[in-house]
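Residue-level structural notes
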Amino acid sequence: QVQLVESGGGLVQAGGSLRLSCAASGRTFSRYAMGWFRQAPGKEREFVAAISWIGRTTYYADSVKGRFTISRDNGKSTGYLQMNSLKPEDTAVYYCAATLKTIEIYYSTSGWYGYWGQGTQVTVSS
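Residues numbered from 1 in each chain as written. Predicted model: local features only at pLDDT ≥ 70, side-chain atom pairs only at ≥ 80, totals over all residues. Heavy atoms only, no water.

1. Examining the state of the cysteines
For the structure shown, the criterion picks out one disulfide. A sulfur-sulfur distance of 2.1 Å marks the disulfide that ties Cys 22 to Cys 96. On the S-S bond that ties Cys 22 to Cys 96, the torsion sits near 65°, and the link is right-handed. Note that Cys 22 is positioned in strand β3 (residues 18–26) and Cys 96 in strand β9 (residues 92–99), a separation of 74 residues in sequence. Just as Cys 22 is buried, Cys 96 falls in that class too. (Disulfide = S-S within 2.5 Å. Helix = DSSP H or I, 4+ residues; strand = E, 2+ residues; numbered from the N terminus. Buried < 20%, exposed > 50% of the residue type's maximum accessible area, 1.4 Å probe, protein only.)

2. A word on the pairing of strand β5 (residues 46–51)
Across the six residues of β5, five count as buried, placing the element largely inside the fold. Two strands pair when backbone bridges link them, and strand β4 (residues 33–39) and β5 are joined in this way by five bridges, in the antiparallel orientation. Across the sheet, the residue bridging to Trp 36 is Ala 49, located in β5. Counting the residues in the hairpin turn of β4 and β5 gives six residues, including Gly 42, whose phi is positive at 75°. Direction of pairing for β5 relative to strand β6 (residues 58–60): antiparallel, over a ladder of three bridges. What sits directly across from Ala 50, in β6, is Tyr 59. Counted between consecutive antiparallel strands, the loop separating β5 from β6 contains six residues, among which Gly 55 sits at a positive phi close to 85°. (Pairing = 2+ DSSP bridges.)

Coordinates in, geometry out; function isn't part of it.
As structure tokens, then:
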């Protein structure tokens, strides 16, 4: 079992940056792979990025490659999503997720993750 709490969302102008945090409690965070997803109003939940147990492997949606960076600090039981060069189309509620299953194949599938945070709103103005 693990509990996840996102923070760091807010309002930012296009071209700006935000860093989202995902604080974990419960079973040791290092045992979980984690991912970030986002959902805009009226849209399907969309994969953003994922990272393996100890950060050896990362995955990104094409829409955020080169702009977003996923990382983790297992000593602090916290995952991060650094978002640079933000665009209005990045506006969404962002969720962190965790899984004990391998993400080598299914890293972009929301149903593969068993644990989710409450979400944090990111709004990018034009």
